[in-house]
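Chain by chain, the residues:
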Amino acid sequence: MPVTAPRVIFLGGLGRSGTTLLERLLGALPAVAPLGEVVHLWARGVLADEPCGCGEAFGGCPFWREVGERAFGGWPAPLARRMLGLRHRVDRTRRIPFVGHPSLEEYVAGYRRVYTAAAEIAGARVVVDSSKHASLAFCLLSGGVDVHVVHVVRDPRAVAHAWRKTVERPEDGRPMTRWGPLRTCLHWTAQNLALDAYTGPVTRVRYEDLLADPRATLSRLAASLGLEASLGFLSGSTAWLGPAHTVSGNRLRFAVGPVELSRDDAWHDALPRAQQTLVAGLTWPLMVRYGYRGAAA
């Protein structure tokens, strides 16, 4: 019999836009299971055995071990390599919005089984996948998954500053990829245009609004997603977070306890003025669309 997936909240947007933070906050709501960037589960979890958000190695995490047993009878390496091969053929930005492919059904079935097993084990009605890539959201939608995209946007100048910084991977200390402002502009524009074209349910959230008023922003988002807005974990600008079984994301996925929700506006002084002007010039149509205007946006 076909496996029926739970509702999926898919956080889409370009990296360094606040998706990991938003996932942690959504994951604190009742009956919601945050899973991290599931697109990287196959390489970073199954094959590389990187740590789960709970701190255990993927292979040693009881939650993910049970998910694998229930979904596939375990986490065999050939399955992970098969999913990575399918991703290379099926899950491509250039295929948006027409993602039809002979292997689409098989590719989506892998995610459906992960979502279903994770929801059952967590006792959740909804799972959160913060994979970000618009192409995966289109694949899931085309494959019949009940998926609601939360389109997370951030001022492109702040994103450009974040991508130019040297940041260590929390899993192994290696430096993460760095981009110059031009490449950031291209990816920021491509991902946001693709998510603007998404034909399923979508709700847009700005990073700046989330940090300016977490309670109001989360309340509105929960209402849009049909979730219970039980926000007892918020106290002013502090969120109290428990452990989460997330397979990939930035270092915030390991945070437990009080987390201060403070907006990072370092780009105003740290990003050279010429680069601010370049980024704004290359992205201004979408900046205006998303409500970003002037140097103080």
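Residues numbered from 1 in each chain as written. Predicted model: local features only at pLDDT ≥ 70, side-chain atom pairs only at ≥ 80, totals over all residues. Heavy atoms only, no water.

Novice: So what exactly am I meant to see when it comes to the overall build of the protein chain here?
Specialist: Of regular secondary structure, the protein chain possesses 12 helices and eight strands. Against the globule reference of 19 Å for 297 residues, the protein chain gives a C-alpha radius of gyration of 18 Å, in line with a compact fold. Projected onto the principal axes, the alpha-carbon positions of the protein chain cover approximately 55 × 45 × 40 Å. Of all 297 residues assigned to the protein chain, the portion counted as buried reaches 53%. (Helix = DSSP H or I, 4+ residues; strand = E, 2+ residues; numbered from the N terminus. Rg over C-alpha atoms; globule rule 2.2 N^0.38 Å. Buried < 20%, exposed > 50% of the residue type's maximum accessible area, 1.4 Å probe, protein only.)

Novice: Whenever I open this one, the sheet that holds strand 6 (residues 234-235) confuses me. Can you help?
Specialist: Spatially, 6-7-8 is the arrangement adopted by the three strands of the open sheet, whose pairing is antiparallel. Where the open sheet ends on each side, the last strands, each with one partner, are strand 6 and strand 8 (257-260). Looking at chain direction, strand 6 and strand 7 (residues 238-241) are connected through two bridges and run antiparallel. Paired with Ser235 across the two strands is Thr238, which belongs to strand 7. (Pairing = 2+ DSSP bridges.)

Novice: What exactly am I supposed to notice about the sheet that holds strand 1 (residues 7-12) here?
Specialist: Hydrogen bonding along the main chain pairs the strands of a sheet, whether they run parallel or antiparallel. Taken in spatial order, the five strands of this open sheet run 2-3-1-4-5, and their pairing is parallel. On the outer flanks of this sheet lie strand 2 (32-34) and strand 5 (202-206), each paired with one strand and no other. Across this sheet, the average inter-strand angle for adjacent strands is 25 degrees, counted without regard to direction. With five bridges connecting them, strand 1 and strand 3 (residues 126-132) associate as parallel partners. The residue bridging Val8 from the neighbouring strand is Val127, located in strand 3. Of the strands in this sheet, strand 1, strand 3, strand 4 (147-153) and strand 5 touch helix 8 (residues 181-196), which is tilted by about 145 degrees from strand 4. (Axes fitted to C-alpha atoms, helices over the stretch in contact; angles between N-to-C directions. Contact = heavy atoms within 4.5 Å.)

Novice: When you look at the pattern of salt bridges in this model, what are you seeing that I'm missing?
Specialist: One side chain can pair with another of opposite charge once the charged atoms of both are near each other. Tallied over the full model, the rule gives nine salt bridges. The partner of Glu37 in a salt bridge is Lys132, and the shortest N-O contact between them spans 2.5 Å. Placement of the pair is Glu37 in the loop between strand 2 and helix 2 (41-47) and Lys132 in strand 3, with a sequence separation of 95 residues. Judged by its relative accessible area of 12%, Lys132 falls in the buried class. Linking Asp209 and Arg206 is a salt bridge whose minimum nitrogen-to-oxygen distance equals 3.1 Å. (Salt bridge = Lys/Arg side-chain N within 4 Å of Asp/Glu carboxyl O.)

Novice: For this particular structure, what's the right way to read the packing of helix 1 (residues 19-26) against helix 10 (residues 214-225)?
Specialist: When two helices pack together, their arrangement is given by the angle between the helix axes and the distance between those axes. Their axes nearest at 12 Å, the elements helix 1 and helix 10 cross at an angle of 70 degrees. Here helix 1 lies roughly perpendicular to helix 10, going by the angle between them. Two secondary-structure elements touch here, helix 1 through Leu22, Leu25 and Leu26 and helix 10 through Leu218, Leu221 and Leu225. In terms of residue class, the contact of helix 1 with helix 10 is built from six nonpolar, no polar and no charged. (Parallel < 35°, antiparallel > 145°, perpendicular 65-115°, else oblique. Nonpolar A, V, L, I, M, F, W, Y, C, P; charged D, E, K, R; others polar.)

Novice: Would you take a moment to explain the packing of aromatic side chains for this structure?
Specialist: Here the distance between the centres and the angle between the planes together describe a pair of aromatic rings. All chains considered together, the criterion is met by 13 aromatic pairs. For the pair Trp64 and Trp75, a centre-to-centre distance of 6.5 Å together with 55 degrees between the ring planes defines the contact as tilted. Residue Trp64 is located in helix 3 (residues 62-72), and its partner Trp75 is located in the loop between helix 3 and helix 4 (77-90); the two are separated by 11 residues in the primary sequence. On the basis of relative accessible area, Trp64 is assigned to the buried category, the value being 0%. Taking the relative accessible area as the measure of exposure, Trp75 reaches 19% and is therefore buried. Their ring planes at 70 degrees and their centres at 5.1 Å tell us that Tyr107 and Tyr111 sit as a pair that is edge-to-face. Of this pair, Tyr107 and Tyr111 both sit in helix 5 (residues 104-122), four residues apart, roughly one helical turn. Accessibility classification places Tyr107 together with Tyr111 in one group, the buried group. Among the aromatic residues, those joined into a cluster by ring pairs are Trp42, Phe58, Phe63, Trp64, Phe72, Trp75, Tyr107, Tyr111 and Tyr115. The aromatic ring of Trp163 is capped on one face by Arg16, whose charged end is 4.0 Å from the ring centroid. Geometry around Tyr207 places Arg154 over its ring, the cationic atom sitting 4.1 Å from the centre. (Phe/Tyr/Trp six-rings, centres within 6.5 Å; stacked < 30°, edge-to-face > 60°. Lys NZ or Arg CZ within 6 Å of the ring centre and 35° of its normal.)

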